[in-house]
Amino acid sequence: MRTHASSRSARTGVLTLGLAALLLAGCATVEPTWVTDSATPQTAKKIGVTASVPEGWARFTPDKDLVMTKDGFLLQTIRITRRDYGSKIENTDRTITQGMEDQEAAQLLLDAFAADQSRHNLQIVSNTPATIDGRPGFRIEVTYKTPEGLTIHETAYVALVDDSYVIARYTAPDRHYHEMHSGAFEKVVEGMKIGPMPGKKG
Amino acid sequence: MRGFPAALVLLVLAPCAHGAGTAQSLVATTAEEQGLWQRVAEEQAALDRSGFVLEEPELEDYLQAVVARLATADGLAEDDFSVKLVRDPTLNAFAYPNGRLYIHTGLLARMLNEAQLASVLAHEMTHATHKHALKSQRSLKTKTGILQAISLSAPVAGDFSPLIDLLGVYGTAAAVSGYSKGLETEADEVGWQRMRKCGYDTGEAPVVFRVLMADLSEHARKEPFFFGTHPKLADREKNFARLNAADKKHTGGEKGEERFAQATRRVLLINGELEMRAGRHDAARDQLWRYRVADPSSVRVRWLIGENERVAGAQGDPAEARKLLEEALAMDETFAPAHRSLGILLYRAGELAAAAPHLRRFLDLDRTAHDRAYIEAYLEKCEPTPPPAPPAPAS
Ligand SMILES: [Zn+2]
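The model shown is predicted, which means the values in this text are computed figures rather than measured ones. In every chain, residue numbers begin from 1 and rise along the written sequence. Chain labels run from A onward and ligand labels from 1 onward, assigned in the order the entries are written. Predicted model: local features are reported for residues with pLDDT of at least 70 only, side-chain atom pairs are reported and counted for 80 or more only, and whole-chain, interface and lining totals are derived from all residues. Water and hydrogen atoms were dropped before computing side-chain values, which therefore reflect all heavy atoms in the structure.

Draft legend 1. Region of interest: the overall build of chain B. A run of H or I in DSSP counts as a helix once it spans at least four residues, and a run of E counts as a strand once it spans at least two, with each numbered from the N terminus. Helix and strand counts for chain B stand at 18 helices and three strands. The rule is simple: take the accessible area with a 1.4 Å probe, protein chains only, and divide by the maximum for that residue type; under 20% is buried, over 50% is exposed, in between is partly exposed. Here chain B, with 395 residues, has 56% of them falling under the buried criterion. Considering only residue pairs separated by 6 or more positions, chain B has 69% of its internal contacts joining residues 24 or more positions apart. Shrake-Rupley sampling with a 1.4 Å probe provides the accessible areas, and residues are treated as covered by the protein chains on show and by no other component. For chain B, the computed accessible surface area is about 16,700 Å², with 57% contributed by carbon and sulfur atoms. Contacts are assigned to residue pairs with any non-hydrogen atoms lying within 4.5 Å of each other.

Draft legend 2. Highlighting the pairing of strand S8 (residues 135–145) of chain A. All names here are of chain A. Of all 11 residues in S8, eight are buried, a share of seventy percent or more. Hairpin connection of strand S7 (residues 120–132) to S8: two residues between the antiparallel strands, including Asp133 at a positive phi of 50°. When DSSP locates at least two bridges between a pair of strands, those strands are taken to pair. Between the end of S8 and the start of strand S9 (residues 151–160), which pair antiparallel, lie five residues, with Gly149 showing a positive phi angle near 100°.

Draft legend 3. Examining the nonpolar core more closely. Residues grouped as a nonpolar core are buried Ala, Val, Leu, Ile, Met, Phe, Trp, Tyr and Cys residues, joined through side-chain atoms within 4.5 Å. Within the largest apolar cluster, 87 residues are counted, with the highest numbers of intra-cluster contacts made by Ile103 and Leu117 of chain B. Bear in mind that the domain bounds are from an automatic or database domain assignment. Both domain 1 (6–246) and domain 2 (297–382) of chain B contribute no fewer than three residues apiece to this core. Excluding anything up to four places from it in sequence, Ile103 of chain B contacts Leu63, Val83, Lys84, Leu85, Val86, Asn92, Ala93, Leu108, Met111 and Leu117 of chain B. Membership of the second largest hydrophobic core comes to 25 residues, among which are Ile47, Ala51, Tyr157 and Ala172 of chain A.

Draft legend 4. A look at the layout of surface pockets. Cavities and pockets were defined on a 1 Å grid built over protein atoms only: a cavity is a set of grid points that admits a 1.4 Å probe from which the probe cannot escape, a pocket is an open set flanked by protein on both sides within 12 Å along at least five of seven lines, and lining residues are those with an atom within 4 Å of any such point. Grid points are joined across faces, edges and corners, and a volume is the space filled by probe spheres set on the points. Of the volumes computed, that of the largest pocket is approximately 760 Å³. Lining the largest pocket are 35 residues, with Gln107 and Asp111 of chain A together with Glu273, Arg277 and His370 of chain B positioned closest to its centre.

Draft legend 5. Spatial organisation of the pattern of salt bridges. All names here are of chain A. The working definition used for a salt bridge is a side-chain nitrogen of Lys or Arg within 4 Å of a carboxyl oxygen of Asp or Glu. By the definition in use, this model includes 54 salt bridges over all chains. Arg94 is the salt-bridge partner of Asp111, the closest N and O atoms lying 3.4 Å from each other. Pair noted here: Asp111 is in helix H2 (residues 102–114) and Arg94 is in the loop between strand S6 (77–84) and H2, with a separation of 17 residues, a long-range link. As far as the burial class goes, Asp111 and Arg94 line up, both buried.

Draft legend 6. Region of interest: the sheet that holds strand S1 (residues 82–86) of chain B. Residue and element names in this part refer to chain B. With respect to topology, three strands assemble into an open sheet ordered S1-S3-S2, the strand pairing being mixed. A single partner strand is all that each edge strand has here, and the edge strands are S1 and strand S2 (93–95). In this sheet, adjacent strand axes meet at a mean angle of 20° when their direction is disregarded. As defined by bridge partners, S1 adjoins strand S3 (residues 100–104) across five bridges and the pair is classed as parallel. Bridge assignment links Leu85 to a residue of S3, and that residue is Ile103. Between N-to-C directions, angles cover 0 to 180 degrees, with each direction set by a line fitted to C-alpha atoms, over the stretch in contact for helices.

Draft legend 7. Representation of the coordination of the zinc ion. Residues and elements named next belong to chain B. Taken together, the protein donors to the zinc ion comprise His123 (NE2), His127 (NE2) and Glu184 (OE), at separations of 2.0 to 2.1 Å. Listed donor atoms are N, O and S within 2.8 Å of the metal (Na, K and Ca: 3.2 Å). As water is not included, a site may look incomplete. When the donors of the zinc ion are listed by position in the chain, the intervening gaps give H-x3-H-x56-E. Linking His123 in helix H5 (residues 114–129) with Glu184 in helix H9 (residues 181–197), this pair joins segments that are 61 residues apart in sequence. As far as the burial class goes, His123 and Glu184 line up, both buried.

Draft legend 8. Layout of helix H15 (residues 318–331) of chain B. All names here are of chain B. With 14 residues, H15 extends 20 Å between its outermost C-alpha atoms, agreeing within 8% with the 20 Å of an ideal straight helix rising 1.5 Å per residue. For H15, every residue scored as buried is listed here: Ala321, Leu324, Leu325, Ala328 and Leu329. Each buried residue of H15 lies within a common arc of 135° when the element is viewed along its axis, so the set occupies one face. In H15, the exposed residues that point more than 90 degrees away from the buried face are Ala319 and Ala330. Turning to H15, the residues buried within the fold contact helix H13 (281–294), helix H14 (299–311), helix H16 (336–348) and helix H17 (352–365). Between the first and last residue of a helix there are one fewer steps than residues, each counted as 1.5 Å, and that sum is the expected span. The directions considered for the arc are those from the helix axis to the C-beta atoms.

Draft legend 9. Expanded view of the pairing of S9 of chain A. Residues and elements named next belong to chain A. Buried residues dominate S9, accounting for nine of its 10 residues. Two strands pair when backbone bridges link them, and S8 and S9 are joined in this way by nine bridges, in the antiparallel orientation. Residue pairing in the sheet places Ile140 in a bridge with Ala156 of S9. Note: S9 against strand S10 (residues 164–173), nine bridges, orientation antiparallel. Note that in S10 the partner of Val158 across the bridge is Ile167.

Draft legend 10. Molecular detail of the packing of H5 of chain B against helix H10 (residues 204–218) of chain B. Residues and elements named next belong to chain B. Between H5 and H10, whose axes approach to 8 Å, the crossing angle comes to 85°. Looking at the two axes, H5 sits roughly perpendicular to H10. Counting all contacts with H5, which are made through Ala115, Gln116, Ser119 and Val120, the residues of H10 involved are Glu204, Ala205, Val207, Val208 and Phe209. Across the contact of H5 with H10, the residue classes tally to six nonpolar, two polar and one charged. When an angle is under 35 degrees it counts as roughly parallel; over 145 it counts as roughly antiparallel; between 65 and 115 it counts as roughly perpendicular; any other value is oblique. Under the grouping applied here, Gly and all other residues not named as nonpolar or charged are polar, the nonpolar ones being Ala, Val, Leu, Ile, Met, Phe, Trp, Tyr, Cys and Pro and the charged ones Asp, Glu, Lys and Arg.

Draft legend 11. Summary view of the sheet that holds strand S11 (residues 193–194) of chain A. Residue and element names in this part refer to chain A. One open sheet accounts for three strands, arranged S2-S3-S11; its pairing is antiparallel. Across the chains shown, the open sheet's two edge strands, defined by having one partner strand only, are strand S2 (42–44) and S11. Relative to S11, strand S3 (residues 49–51) runs antiparallel, the two sharing two bridges. Counterpart to Thr50 in the pairing with S11 is Lys193.

Draft legend 12. The packing of aromatic side chains, seen in detail. Think of it this way: a Phe, Tyr or Trp ring, Trp meaning its six-membered ring, pairs with another when their centres are within 6.5 Å, and the plane angle makes it stacked under 30 degrees, edge-to-face over 60, tilted otherwise. Inspection of every chain in the model, using the stated rule, returns 13 aromatic pairs over all chains. Measuring from centroid to centroid gives 5.9 Å for Phe209 of chain B and Phe227 of chain B, while their planes differ by 25°, and the two rings are stacked. With Phe209 of chain B in helix H10 and Phe227 of chain B in the loop between H10 and helix H11 (230–246), the pair connects residues that are 18 residues apart, well separated along the chain. Exposure class is identical for Phe209 of chain B and Phe227 of chain B. Each is buried. Seen from their ring centres, Tyr347 of chain B and Tyr378 of chain B are 4.2 Å apart, and the 20° between their planes marks the pair as stacked. Of this pair, Tyr347 of chain B sits in helix H16 while Tyr378 of chain B is found in helix H18 (residues 372–382), placing the two residues 31 residues apart along the sequence. Of the two residues, Tyr347 of chain B and Tyr378 of chain B, both sit in the buried class. Members of the aromatic cluster, connected to one another through ring pairs, are Phe209, Phe226, Phe227 and Phe240 of chain B. Between the NZ or CZ atom of Arg119 of chain A and the centre of the ring of Phe113 of chain A, over which it lies, the distance is 3.8 Å. Note on criteria: charge over ring means Lys NZ or Arg CZ within 6 Å of the ring centre, with the direction from the centre no more than 35 degrees off the ring normal. We note Arg69 of chain B situated over the ring of Tyr200 of chain B; from NZ or CZ to the ring centre the distance is 4.0 Å.

Draft legend 13. Broad picture of unusual backbone geometry. With a phi angle near 70°, Asn91 of chain A is a residue other than glycine that sits in the positive phi range. For Asn91 of chain A, the position within the fold is in the loop between S6 and H2. Even without glycine at this site, Lys131 of chain B takes up a positive phi of about 50°. On the secondary structure map, Lys131 of chain B appears in the loop between H5 and helix H6 (132–140).

Now the structure itself:
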């Protein structure tokens, strides 16, 4: 369910790392653990994607996706997920379909971002084709304000793989935090390995 | 909307039976209520700065005139109410306790006359005049209320939702997502009376909710907000039909069809584009064609209709898209978006030689296009660059 931006008033202030982790996982029964080993590439088995944790960062497990942060999700988050073609994009009735052109898929995502009332004053910083682990795709970079007025900078790579698409997103408050770690994110994407989608017949 | 005559606004105001005596004002009387008003003022400020609230002065004036008419008819201070338009194709309207009303373009674009608009605005005004936010805040303080609020604010888990916007506990959420059944019924009843006092055709009140329900069912659409949920719409329709049935003296009333169409036609253009971008191509088609009929010389609407047919994929009509995009460019050769759309359409149809001039012209006209890199790549495939000329001999 989409919530209306204006309904998010009474905030509890700073979100603690642990609570954020719990919320991200959507699962309160499993103890959250943190993997800080940046030497061994991490594989998220359920989505068939492998990536390295940047030095000084931690991967939050258990999570079917690859979620990483250095100082807490509020300050910087990398999240790598995978989706089936044809699944509805939030805030729209549209889907990214197999064989869709990179330009069209990127426009679709930007339209979906623009329709999201939790992203105020969305600005497109850049939108370019990209190659991710040898796969065609694109890279979009946007800024927006949260309903509380915090400016967020977000970069997303989308790899249009044969059986599904992989999304790698990096989000951080604009300027200071974003600039400080965007290099780490670019390195994560550079080293990302995309295997077949588990459970799918190739 | 250019040239909306001020006289029209006066016309909306005119035929009201004015309540005698001093107008009743909206006031926050207790500290609790003042606290609530302060919170909603913050929410409103955030929403007003969000980029989602449209600045369309003439359209706002019109909405304001309808609200003023409803207010004065019932002896309320018209200045206590204001209406803003939210750029959103989903169906919703909501009111804050301080008299600020918001209506989504998606809701307005589906209405057919002023009486229908009045039925929604009168309902919303009642939430403010009858202090529904305060009453529902009190009931939220019970344990179940809090639990409900927390479950409602569970983080949006979508792959594309903001990562840093995870925790929100509803403050005045009910304003947006609806109140209890009892309060909603009260809003229908009081709203209906206000509508009737103004001389509006109350028969249009159930009609608008039938139209919205049909729209939702036809497209099997699931929407998050109050006026976008079938049971809530069915309740409104039933309440208004019941009130009309009991109103034996009811003899028609004013619909305000033409005035509404003239004042709100720009909403069709704005919301039609939003529908297209949300992938609701049939709704976009309907609204954009309605706009085209009202404003036959618009280049933009031709582009949008064409673009909608182009991006609709299997639901679209590429031949129609091509025709309209060519028409738009025949009317205004400098309209960059139409070059882009037509260029991409031709490129994907394999007509590279025909696509190239449009893609090139687009890049010339729109120097800051964010998707420049893709268009340049297409262009390269359309007109492969000749091998570089041999360097000139050194002199
Ligand atoms: Zn209501």
